[in-house]
Amino acid sequence: MFKVYRQYPAAISGGRRPNKALEACNFRLVASVFTFMKKIVIRVVALGTVLLVLAIVGLILLTEQPEAPAPEYAVPQGRDEAWHQDIAHLRDEFLRVDRSFTEETSRNSWIF
Amino acid sequence: MDILNRLDERVPTLSDNRIVVEITRAVAKSGNGHTRTYLMRNGNYLRRFPVRYYWFSDGLFVVRATEEYSQTLGTRVVAIDGRAPEDLMSQMRDLVPGSDSWVVYKSTYLLNSPEFLNGLDVVVNAESVPITFESREGKRFTLDLQPLPLDEREGPYEAWRDLSPFAIGNADGRDWLHVLSDREVPLYLQKSNHACRDEYLEGASLLYVQINRNASDETCSQSDFAQEMEGLADSMAPKALVFDVRFNTGGNYEETAKIAKGLPAWFGSAERIHIVIGPATFSAGIATAARLKYFSGERALIVGEPAGDGLRMWSEGPTFTLPNSKLQVKAATAFHDFAEARFELGKTFFNDFFYSVPAGDLHVDLPVTVSFEDYLSGHDPVLDLVSSQ
């Protein structure tokens, strides 16, 4: 157990004079422990920050999948073909936003 | 069962209006309020009648009308081409995904479009529809209503705003008449154009806070509003707090995150925090109510009518336009869970990691409905009940 004495006024330190050599030794020890702890803390914080950024990027990539380009259609010949194209487009778009589609698990499976 | 394949096969035999209805029906099979066709609320795809009506506890009543149909103001809609609007609600159920409350709110739009009603085989001729009205004296009369030209404005049209004579948000350049023009407007409709507002009712020692939209605009900055409320707490100790999101159909839930968390702490004097919800409370409006309930703990009381959706909902996602009909459809792709705040990678909306709370449910503790007479007399049964608590 080390005690670090500081240069208190005589009234506070009870008139005791601190041991200068011991004081210097204690300060060096505390300083080295402090420096060591500081390095550890800095590294932990830095590592934590990097991991947090990676986790955020990962989450964004997982939750917001990039979309494929929208399909193109030929100019429809007549009213019926126009509606056929629209219905096909509706189906394509739901497939496009839900690429993990399976009959059982898809959130948009009702439409297929 | 392939709904779209069957529809595709029937195209030659169906009218355009019917195909729009069937596409709406197919999309509604999702059972999710955010996955929908944009017909009249978020898009202007269909024409509408020159009157606007709204559901009250005692029926469907006309609240706005063009000058030509001024005699319909304040009347009850008895029949649309011979069919009672109440009887048409079972058909609305298949066309509007979401809760029963949301179906009621959205039907206000669908029942107002002759083209949609024609697609449903409810009306024979979309260009002239006989509608029977009943005056407050009990006199019935029938008028043939022609649809107004398509309103091509962009931006959402909120049916609830039609309740207020100050509803500039729904203005389309016409001189609309309003049933409350010369009457007292209830407190909850006095600032219908404002995204947020507050009012201190000194006699009841009640602080009334209303958020009509989870957004900041020229009428309200939500962050400034939250700051203002926090500052107000230094000089005010209300016994009750009413937080009204009955008309909040959504927006960005982050906008109200601070106020929903802060209010219970700032106003510790309020023994009860009444959260007012209704059929038009939807999306971010629900998230806001859920967060306030969670942070209010035992002090929270839900008042009004069931909200337009549950605490677990699909939302976000793209809106796409069909190439020929130009009909817009939204597909919701991100999940929210404000019941248990469970986070699932690849399914849950990313921001929920920071904002979701386990609010349990939004079960209505104090059910209150509004009759047309309440509305017409400037009364708010919700505030009446809360004040008497």
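Engineer: Before we move on, could you go through the nonpolar core and cite the residues and values that matter?
Structural biologist: Among the nonpolar cores identified, the biggest contains 111 residues, and Leu241, Val242, Phe243, Ile275, Ile286, Ala289 and Ala290 of chain B are the most heavily contacted of them. Sequence-distant contacts of Ala290 of chain B, that is, excluding residues within four places in its chain, are made with Leu311, Phe338, Val357, Ala359 and Leu362 of chain B.

Engineer: Can you lay out helix H2 (residues 16–28) of chain B for me, pointing to particular residues and giving the numbers?
Structural biologist: For H2 of chain B, with 13 residues, the first-to-last C-alpha span of 18 Å sits near the 18 Å given by 1.5 Å per residue. The buried fraction of H2 of chain B is high, at 10 of 13 residues. Where H2 of chain B is buried, its residues contact helix H3 (79–97) of chain A together with helix H1 (3–10), strand S1 (36–38), helix H5 (114–119) and strand S15 (328–330) of chain B.

Engineer: Which residues make up the domain arrangement of chain B, and what values do they have?
Structural biologist: All names here are of chain B. Taken domain by domain, chain B consists of domain 1 (3–178) and domain 2 (187–388). Of note, the centres of domain 1 and domain 2, computed from C-alpha atoms alone, are 26 Å apart. Among the secondary structure elements, those contributing two or more residues to the side of domain 1 that touches domain 2 are H2, S1 and helix H4 (100–110). Residue contributions to the side of domain 1 that touches domain 2 peak at four residues, all from H4. Residue composition of the side of domain 1 that touches domain 2, grouped by class: 15 nonpolar, 12 polar and four charged.

Engineer: Which residues make up the sheet that holds S15 of chain B, and what are the values?
Structural biologist: Residue and element names in this part refer to chain B. Ordered in space as S1-S15-S14, the three strands form an open sheet in which the pairing is antiparallel. Strand pairing shows two members of the sheet lacking a second neighbour, S1 and strand S14 (319–321), which therefore form its edges. Each strand axis lies, on average, 30° off the axis of its neighbour in the sheet, ignoring direction. Sheet topology note: the S14/S15 ladder contains three bridges and is antiparallel. Paired with Phe320 across the two strands is Val329, which belongs to S15.

Engineer: Any chance you could break down the sheet that holds strand S17 (residues 366–367) of chain B for me, citing the residues and the numbers?
Structural biologist: All names here are of chain B. Pairing in this open sheet of six strands is mixed, and the strands run S8-S9-S10-S11-S12-S17 from one edge to the other. Only two strands of the sheet have a single partner each, and these edge strands are strand S8 (196–201) and S17. With five bridges connecting them, strand S11 (residues 272–277) and strand S12 (residues 300–304) associate as parallel partners. Note on S12: the bridge partner recorded for Ile273 is Ala300. In the packing of helix H8 (residues 284–296) onto the sheet, the strands contacted are strand S9 (206–211), strand S10 (240–244), S11 and S12, and the crossing angle to S11 comes to about 165°. Sitting on the sheet, helix H11 (residues 381–388) touches S9, S10, S11, S12 and S17, and the angle it makes with S12 is about 145°.

The rules behind each value
Residues numbered from 1 in each chain as written. Chains lettered and ligands numbered in written order. Predicted model: local features only at pLDDT ≥ 70, side-chain atom pairs only at ≥ 80, totals over all residues. Core = buried A, V, L, I, M, F, W, Y, C linked by C-beta atoms within 7 Å. Buried ≥ 20, exposed ≤ 12 C-beta atoms within 10 Å, placed from the backbone. Contact = placed C-beta atoms within 7 Å. Helix = DSSP H or I, 4+ residues; strand = E, 2+ residues; numbered from the N terminus. Expected span 1.5 Å × (residues − 1). Domains from an automatic or database assignment. Nonpolar A, V, L, I, M, F, W, Y, C, P; charged D, E, K, R; others polar. Pairing = 2+ DSSP bridges. Axes fitted to C-alpha atoms, helices over the stretch in contact; angles between N-to-C directions.

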